[in-house]
Amino acid sequence: MKQLAIKGHKTRGNEVIEILKMLGGENRQRWDGKANSYFYIINSPYNNEIECLYDILTSEYEIFTIEEFLEKFPFKIGDRVQHRYATSLGSVYEIIKMEWEDDNVQYTISAVGSIHTSRCSAEYLKLWEIQEPKEEKRVYNKLNFNYEPAADTVELILGDYEIKIEGEKTYLVKKKPTYPKTYVECAHLLNCFSAAHIDGYKNELLEKFQELIICRDAYWKIVGEQMGLGKPWAPDWLNVEQDKYVLYTHNDSICSNVYVLGNNILAFPTAEMRDAFYENFKDLIEQCKELL
């Protein structure tokens, strides 16, 4: 088996180093990857240190430019992928590891929300394309008042719409939904409160977590009413056609994304609702992030 060597690049050297780090290399010498007359390798299997060499033997190394490598192995750790030959509703996986093996990159993938893993090469993978819902644009005919009103003022019943003026043009735009911004508002909406002063192990954390779930369930109740479900909305993790806009933890940070499979405690039917929930309760989320 040949070792991997990637040629340096004046402007994309950081990508060269990042790829080698994803493949297990350690950049102890702080190479920047910009020496375009040199080759960067992983000194394997000794100490996995990234090294910079001027002369290498083609019989011992598989040599790539950064462009050639990314064309053949376009995926990186953290990418969401599907099996290339699966249907459009196939399972979604996350790349969690990359290894250079038998002159090829082997990707370790894990189904989102699962602890089980498998390995495959780039030829069997394709990037998962997030299907964001398209904004529906509606065009309404202009309102022409070709009559003399009986009074000097006429009341307009706008319902879910409001008037927006831009320059000399006037529009009817749908009102943005409003959501409760405090735990107390959410608790009143559900007519329930958390158990104050929970006793036992990590009682303060569990009390805050209970408050967070009450806030989430209040939002689910609101959207269920908006959608006319007759009950609170809830994510269906077995339905791959239902997008779930989620908040989750990664590397001790709160992140947002859209999933179709898996299982997330903080999942919402729209990105707007998810983002509003985060803005209103980010302090509470931060206090409970070890449970998310």
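No experiment lies behind these values; they were computed from the predicted model shown.

A.B. asks: Sorry, what's going on with the overall build of the protein chain here?
C.D. replies: The helix and strand inventory of the protein chain stands at five helices and 14 strands. Long-range pairs, those at least 24 residues apart, make up 51% of the contacts in the protein chain with a sequence separation of at least 6.

A.B. asks: Any chance you could explain the sheet that holds strand 1 (residues 3-7) here in plain terms?
C.D. replies: Strand order in the open sheet formed by four strands is 3-2-1-4, with mixed pairing between adjacent strands. Every other strand in the sheet has two partners, leaving strand 3 (49-53) and strand 4 (61-64) as the edge strands with one partner each. Each neighbouring strand pair of the sheet contributes to a mean axis angle of 30°, computed without reference to strand direction.

A.B. asks: Looking at this structure, I do not really get the nonpolar core. What am I missing?
C.D. replies: Grouped burial of nonpolar side chains is what soluble globular proteins tend to show. The biggest cluster of nonpolar side chains holds 28 residues, and the ones touching the most others in it are Phe 69 and Tyr 107. Broken down by secondary-structure element, the contributors of at least two residues to this core are strand 1, helix 1 (13-22), strand 2 (39-43), strand 3, helix 2 (66-72), strand 6 (93-101) and strand 7 (104-111). Non-local contacts of Tyr 107, meaning those with residues more than four positions away in its chain, are made with Phe 73, Pro 74, Phe 75, Ile 95, Lys 97, Met 98, Ser 118, Arg 119, Cys 120, Ser 121, Ala 122 and Leu 125. Residues Cys 186, Ile 214, Ile 254 and Met 273 belong to the second largest nonpolar core, which totals 24 residues.

A.B. asks: Please explain the packing of helix 4 (residues 203-226) against helix 5 (residues 271-287) as it appears in this structure.
C.D. replies: When two helices pack together, their arrangement is given by the angle between the helix axes and by the axis-to-axis distance. Between helix 4 and helix 5, the least distance of the axes is 10 Å, while the angle of their chain directions is 170°. It follows from the interaxial angle that helix 4 and helix 5 lie roughly antiparallel. Taking contact as the criterion, the partners of Leu 205, Lys 208, Glu 211, Leu 212, Cys 215, Arg 216, Tyr 219 and Val 223 in helix 4 are, on helix 5, Met 273, Ala 276, Phe 277, Asn 280, Phe 281, Leu 284, Ile 285 and Gln 287. Here the contact of helix 4 with helix 5 is built from residues that sort into 11 nonpolar, two polar and three charged.

A.B. asks: Honestly, unusual backbone geometry in this entry has me stumped. Any pointers?
C.D. replies: With the exception of glycine, the majority of residues adopt a negative phi angle, and the majority of peptide bonds are in the trans configuration. If you check the backbone angles, Asp 102 has positive phi at about 55° while not being a glycine. With respect to the secondary-structure elements, Asp 102 resides in the loop between strand 6 and strand 7. Assessed through its relative accessible area of 57%, Asp 102 is described here as exposed. One non-glycine residue, Lys 202, adopts positive backbone phi at about 50°. Within the fold, Lys 202 resides in the loop between helix 3 (183-190) and helix 4. With a relative accessible area of 40%, Lys 202 lands in the partly exposed category.

A.B. asks: What is the right way to look at the sheet that holds strand 14 (residues 266-268) in this model?
C.D. replies: Strand-to-strand pairing in sheets goes through backbone hydrogen bonds, with the strands running parallel or antiparallel. Overall, antiparallel pairing links the three strands, which are arranged 13-12-14 in an open sheet. Looking along the sheet, the strands with just one partner apiece sit at the ends: strand 13 (253-259) and strand 14. For this sheet, the mean inter-axis angle between neighbouring strands, taken without regard to orientation, is 25°. Here seven bridges tie strand 12 (residues 244-250) to strand 13, and the two strands are oriented antiparallel to one another. The partner of Lys 244 across the bridge, within strand 13, is Tyr 259. Lying on the sheet, helix 5 is in contact with strand 12, strand 13 and strand 14; it crosses strand 12 at an angle near 30°.

Reading the values: the criteria
Residues numbered from 1 in each chain as written. Predicted model: local features only at pLDDT ≥ 70, side-chain atom pairs only at ≥ 80, totals over all residues. Heavy atoms only, no water. Helix = DSSP H or I, 4+ residues; strand = E, 2+ residues; numbered from the N terminus. Contact = heavy atoms within 4.5 Å. Pairing = 2+ DSSP bridges. Axes fitted to C-alpha atoms, helices over the stretch in contact; angles between N-to-C directions. Core = buried A, V, L, I, M, F, W, Y, C linked by side-chain atoms within 4.5 Å. Buried < 20%, exposed > 50% of the residue type's maximum accessible area, 1.4 Å probe, protein only. Parallel < 35°, antiparallel > 145°, perpendicular 65-115°, else oblique. Nonpolar A, V, L, I, M, F, W, Y, C, P; charged D, E, K, R; others polar.

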